[in-house]
Structure formats: C-alpha cells, structure tokens
Amino acid sequence: MIRWRAFISGFVVATVATGAVLYGLDRLDRAYPPPLRNARLVSQEVLDADGRLLRAFATPQGRWRLKTSVADVDPQFVRMLVAYEDQRFFDHGGVDFQALGRAAWQLLTNGRIVSGASTLSMQVARLIEPRTDRSLNAKLLQMVRAWQIERRLSKQLILELYLNIAPYGGNLEGVRAASLAWFGKEPRRLETAEAALLVSLPQLPEKRRPDRFPQAATLARQRVLERLAVSQVVGQGEAARASVAAIPAKRLDLPSFAPHLAQAARFRSPDALSIGTTLRLPVQRELEALAQRSAEKLGDRVSVAIIMADSATGEIIADVGSSDFLDHARRGWVDMSRAVRSPGSTLKPFIYGLAFENGLVAQESIIEDRPADFAGYRPRNFDMQYQGDVSIRQALQLSLNVPAVRLLDAVSPAALMVRFRRASVQMVLPKAEAPGLAIALGGVGLSLVDLVQLYAALANGGQPVQLGDGVRARPARLDVDPLFSRAAVWNVTDVLSDVLPPLGMKQRGIAYKTGTSYGYRDAWSVGFDGRHVIGVWAGRADNGSVPGLAGYASAAPILFEAFARSGVAITPFQPPPPGVSRLVYRDLPANQRRFSVTSGGLLSASRREPSPQIVYPPEGARIELSSQDGALAPLVLKLQGGRAPFHWLANGKPLPQPTRRRSSEWVPEGQGFSTLTVIDADGRATSVRVFVE
C-alpha cells in the first residue's frame, strides 16, 4: 500500500514538474520567439518570361541571398546534406539526444571532440542568431531555439531555411547564390563533385573558399565524399570519380542582365521579391554580348543599344540599353534605348508608305534626284552626289534625300505626324516649330524604342502596336486605324526586303533601313521579318561626333548579326493583298509613270530637262586603257542633263542595254579613234570623239 502511495505521489510530482516545465517553456517561447523575420529576407530578383534569373540585387546588408525552395535544388544534394550533417533530421524534434549522448561519451573517453551533435535545426538557430562565443550557454540557447523553430516550421521549411541562409564564403548566403557564384549554374543541375563541395563549405566558409584556399576546399569535399552515409547516397564509384574533379578557381559574377530595365523595374516596385519581365534570357544574353563586342570595334567611347520586340504581342524580347553598364568611358549607365536622338533617314519608309497609300507613286515610278530648293531648304544626298532620274524603288533603297523630301512635300509633314500619332509615337520637334520637311532627314527627336514601335506596325501588316515596358506581360492594344493600307505596307516591305545586306553578311529574309544623323553622331538600323523587329543604335552617349560612323557601315552589320544570334526563326512576310503586285514601268498608269512637283507642291507634267552632255570622256581626249596582257580595260562614261532612259552608241553600234543611270561602261573593240553618242528619252543626242591607246 505504501509503495502504491509513493508511486502515485512520484507520478503526480513528475507530471506536475513536467507540466510546469512545459508551461515555462511555452511562456518562454511566447516571450522570446526566434528571430525568423530577418532570416526570411532575400535578394530582390528580376526574372525573364520563363522565370529564369536576369538580375538579382543584394540585401540591405550587402548579402547575396536568393530565395530557394527544396524543389529548386538537385535532390541528390539534399540527400547528401542530410546524410552528412543530420542523418536523423526527419526523426528528432530539433535536438538529436542520441547524437548528443554519443558526442558526450566520445569527449569523455577521448578527451577531445570526435564528432558533433549539432542538427540542421540547431545550425539554423545559430545562423539566425549568431554568437561569437562557443560556450555551453550558447549551445543550450541553440537547443532551445531549435526546439522553438521545430514548433513553428515543418521539416521542409526548416530545410529550405538552411538552404537560404547557410554561408558559402564572402557575402554569399544560400545554396542558390553559391551555385551561381562558384559554378555558374542553378543548383537543380549540380554534379556530385559540386554538390559535395557545397555541402562542406558552410562549416568553415571563409577558410574553405575554393578561390582562396583550394587545398582546404578539396580536403573538405573529400571528407564529405568519404562519409559512409554520403557514399551510400551517391555510390562508391561516383564518389571516387567526383573526388578527382577540379575545384573552381574563381568566384563568378551573379547574373546581371538587362541592368537598365532591372533598375527601372526595381524603382517602380521596391517591395516586390520578384519582378517578372517579357525578356528571354538566351536572346538577352546573346545581344548584350553582341553590343559589347560591336562597341569595342567602333571606338573607345562608342556605345550600342539594341531592342528586339514581338510585333504580334508588343512584348519586348531583349532590351540592351548600352554596350556595358559598368563601362565609365562609354557612359554605360545611360540607357540609350530611351534617349531621344535624331533618327537620320530611318523615317523615310513612312514617307514612301504615305505616298503609296495616296496613289502618288508606284515602285517603278520615276522621280528626280537633282539639286532642289524648297523655299530655302536645300537637301543634299549623303555622298553629295545626285543620281538624276531614278525609280521610287531605287530612291528608297539608296536612301536618296531629295526624292524623300519631294514626296514629303507632296504628302505634307503634318499628315505624316498624324500617322506617327496613330502608332502612339510622339516626335520631339524643335521649340516653337511646326513639322517641316527636315523630318525626312532626321530633323526630329526620337528614341530607339519609339522607332522599333513604328516599324512594329509595318511588321504587323500596318496595324499599330503598343510596345510594353519589358515588365508588364501583355501590353495594351492600340484600338486605332492602321498606320497605312495593307497595299502601302506591302510595297514598303517589298522594297526594303530587297536592300543589299552589309558587306560580308548573308541575306536573312528581313526588310531593313539604316540612318545616320547629322555630324556622324548616331548610326541606326531597324529591321523586321513577318513578326519580329530589331532596332540598333550606335554612337556616343555624350552626343559627340564619331568620324566614319554610318548606319549602313556601322549599325546594319550589328542588326544582321542580332537576327542571327537571337535564335528566333525568321517569320515570312505577309503575302501581298489581293490585286496588289509590283508593276513594271510600261504597265504603270500614265499619272504614275513620273512624279514631279511644282514649287507649290502640286502635281505637274514632266518638266523638260536640259539637253544631255557627255562630261567624260571629254571631246578629243586620249585615253590609255591597255593592260599588261594587251586587253583593254572598260572606259567609264558619264553625262549630265537629259531624261532617262539613255541609249549609248559606240561608233554607231548601240551598247547592250539602255540605262537610267548617268554613268555607264564601254569596252572598246580596239585602239584608235572612236565616236561615243548618247540619246535621251526625248530623242536628244550628243557625241564626243576620243582616241583609245
């Protein structure tokens, strides 16, 4: 009876004591919860359209800590981590008393620490509340904190917390930041050797940094691979193979793509943990590398900007604001894709589009390229030469200035500005000035993004497209009238698609236009296929002149390489609308065979040209054409005046084909005197007599 009373009394006392302890622990837990809030602080991320990392920003403490879930990590790494650090992780409640007893016994019998008893939960507790001392009190506090953490979080969340905050050397925290910095890859693709190194680093992250202490890192990795539990996870053969793998020699930079867009997105959403964009990482990476290489070729202070957009959705696929964000000499921090600059000749296709739509011209209509005066405005061609009578198709492909101004004078600058507003593009005009004819040659301000938006309407069959800002997934649709009729868009596209590619480049099935601003300050090239548009700008961010900078020679090669390196398949152009085709000159209606305007801008009959004059070779010239092998080289023939087409005769025999150009070539049949004659379209003729040696 006495024994039963003693047993009951002891049981009651134990129960009360246990309850008191639990009550005390519960009160302690509520009064002093673990500081988990700071542990959940992670780097802000900017992601591409598929969720891949474009750019990350360090935490306010200057740490790289990328949000990571168990699903983001290679499953073998997780198994290796648990096997090496805490084999009973899923069985204990924060403190592994079995491991604790084993460690205490080893300490007593060996006089030194043989193995630790720290669980992953205790390591998380130490990381969220770091202490410099390694006293017994500090260890007891870790145990209490581990118990508190286990009360609040599931095993998977505790594991994820470790994956996010474990130190890996320097300011790297978390396995994802470490994997990107040491191996340049996401942790879901870790190899065995890489996983073993990452398992070993958090114990002594600074003393095992592979870039500073490769031997210590190698030994630490080897200890992980030799642990029996780990070798059972990966297999003996795989562990042996991983042990001879190389250790990374340097720390890599974390991804930092689209820096201008990322900075702007962060400014708009400072509290967002992740910001999605419409960019595609593979395209962005290739075009950024292209911009950097191209700028280095063009000059010391030259920068390059590239925009690629989808004309069907308005989404920006790639956004390269400069050749190198960190290049001080090139002012790489300036986003030149949004800077307002003179677009040069890149607006000419829209002048022609309006002229096509109004029925003023067809592709083979003849237009004059001669010096002209438009109320005091005297445009000149880029090469300071004139071609005379040319077709509309040639005028646009050769980017001749005078024909473009003639057409703009006929359709009116105000009408062209209305079309630009349809595309939601606002030109920047000089203060207190109305739209003028200088628009044809770049006399307005425009950004690369706006220019791409204009050309996106051409790629989209004439329907204007509102480009997004690269962040919003779906840009707003423009519910407006078409930029031009489908027939006009097809004619412009047909002409531009036949422009010769830059030297050394292959034709890629795109239509494109180039432009150069006054003073060689900006070089432009914009191209499109049936869906995608790429715009390229090159120049100095400080608006300085770059001798030799030109759209065709400087920007066009970048454009063609951008289409090639983007990896995006070329989309065919839309077919011509029903009943629309390219007519040859003889099939044109009479009112479209020749375009000319009076000083008032009204259509008029063709003006009579001065009589043709042969300017080279001059009358009576003695010309040496013989080469070392006895063959005669061709003689260049040049004329002024007259009206095309021109028929050349040599000694009464006509040359093979009439020409609309004012220069031609003739190969003499032999030495001696020859008579050269030219006859223009009005039947007027002139001759010279020369001696060929």
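Look up a bit, the structure's there.
Described in the following lines is the structure provided in the data block. Note that this is a predicted model, so its numbers are computed, not measured.

Turning next to the overall build of the protein. The secondary structure content of the protein amounts to 20 helices and 21 strands. When burial is assessed residue by residue, the protein has 51% of its 693 residues classed as buried. For the protein, restricting intrachain contacts to residue pairs at least 6 apart in sequence, the fraction spanning at least 24 positions comes to 69%. Put simply, the protein shows about 33200 Å² of open surface, and 54% of that area lies on carbon and sulfur atoms.

The next subject is the sheet that holds strand β11 (residues 522–528). Taken in spatial order, the five strands make up an open sheet running β7-β6-β12-β11-β10, and their pairing is antiparallel. Strand pairing shows two members of the sheet lacking a second neighbour, β7 (316–320) and β10 (511–516), which therefore form its edges. With direction set aside, neighbouring strand axes in the sheet form an average angle of 10 degrees. Inspection of the sheet shows β11 paired to strand β12 (residues 532–540) by seven bridges, in the antiparallel sense. Looking at the pairing, V526 lines up with G535 of β12.

Where burial is concerned, most of helix α14 (residues 348–357) is hidden: nine out of the 10 residues are buried. Listed in full, the buried residues belonging to α14 are K348, P349, F350, I351, Y352, G353, L354, A355 and F356. Packing partners of the buried residues in α14 comprise α15 (392–397), α16 (401–411), α17 (413–422), α18 (448–459), α19 (486–496) and β10.

A few words on α16. Counting buried residues in α16 gives nine out of 11 residues, a clear majority hidden from the surface. Taken together, the buried positions of α16 are occupied by N401, V402, P403, A404, V405, R406, L407, L408 and V411. Tucked inside the fold, the buried residues of α16 contact α14, β8 (366–369), α15, α17 and β13 (594–595). Positive phi appears at S412, one or two residues downstream of α16, with a value of about 85 degrees.

Turning our attention to the packing of aromatic side chains. Overall, the coordinates contain seven aromatic pairs when judged by the stated rule. Centre to centre, the rings of F89 and F90 are 4.9 Å apart; their planes meet at 75 degrees, and the pair counts as edge-to-face. Exposure remark for F90: the relative accessible area of 52% places this residue in the exposed category. On the numbers, 6.4 Å between centres and 35 degrees between planes, the contact of F350 with F484 is tilted. Of this pair, F350 sits in helix α14 while F484 sits in the loop between α18 and α19, placing them 134 residues apart in sequence. Each member of the aromatic cluster is reached from another via a ring pair, and the members are F350, F420, Y455, F484, F528 and F573. The cationic tip of R622 hangs over the ring face of F691; the distance from NZ or CZ to the ring centre is 4.3 Å.

One finds L287, I306, L347, F350, L407, M427 and L454 to be the most contacted residues of the largest nonpolar core, which totals 95 residues. Among the elements that take part in this core, α18 stands out by supplying 10 residues, more than any other. Setting aside chain neighbours within four positions, we find L287 in contact with I306, M308, A318, V320 and A562. Core analysis: the next-biggest nonpolar cluster, separate from the first, contains 55 residues, L53, V175, A178 and A196 among them.

It is the contact of helix α2 (residues 75–85) with helix α8 (residues 192–200), at a shortest axis distance of 10 Å, that shows an interaxial angle of 40 degrees. Judged by the inter-axis angle, α2 sits oblique to α8. You can see that α2 and α8 cross each other, and the crossing is right-handed. Contacts between α2 and α8 pair Q76, F77, M80, L81, Y84 and E85 from the former with T192, A195, A196, L198 and V199 from the latter. Of the residues in the contact of α2 with α8, the class split is eight nonpolar, two polar and one charged.

The subject of this paragraph is the environment of R472. Assignment of secondary structure puts R472 in the loop between α18 and α19. According to the relative accessible area criterion, R472 is exposed, its value standing at 53%. As a C-alpha pair, R472 and I316 span 156 residues in sequence and 9.7 Å in three-dimensional space.

With that settled, the discussion passes to a nonpolar patch on the surface. On the surface, L500, L503 and Y552 cluster together into a nonpolar patch covering about 380 Å² of accessible area. On the secondary structure map, L500 appears in the loop between α19 and β10. In this structure L500 comes out as exposed when scored by relative accessible area, which is 64%.

Conventions used here
Residues numbered from 1 in each chain as written. Predicted model: local features only at pLDDT ≥ 70, side-chain atom pairs only at ≥ 80, totals over all residues. Heavy atoms only, no water. Helix = DSSP H or I, 4+ residues; strand = E, 2+ residues; numbered from the N terminus. Buried < 20%, exposed > 50% of the residue type's maximum accessible area, 1.4 Å probe, protein only. Contact = heavy atoms within 4.5 Å. Areas by Shrake-Rupley, 256 points an atom, 1.4 Å probe, with all protein chains shown as cover. Pairing = 2+ DSSP bridges. Axes fitted to C-alpha atoms, helices over the stretch in contact; angles between N-to-C directions. Phe/Tyr/Trp six-rings, centres within 6.5 Å; stacked < 30°, edge-to-face > 60°. Lys NZ or Arg CZ within 6 Å of the ring centre and 35° of its normal. Core = buried A, V, L, I, M, F, W, Y, C linked by side-chain atoms within 4.5 Å. Parallel < 35°, antiparallel > 145°, perpendicular 65-115°, else oblique. Left-handed = near helix turned anticlockwise from the far one by under 90°. Nonpolar A, V, L, I, M, F, W, Y, C, P; charged D, E, K, R; others polar. Patch = residues over 30% accessible without salt bridge, like charges linked within 9 Å, V, L, I, M, F, W, Y side chains within 5 Å. Salt bridge = Lys/Arg side-chain N within 4 Å of Asp/Glu carboxyl O.

That's the geometry; what it means functionally is another story.
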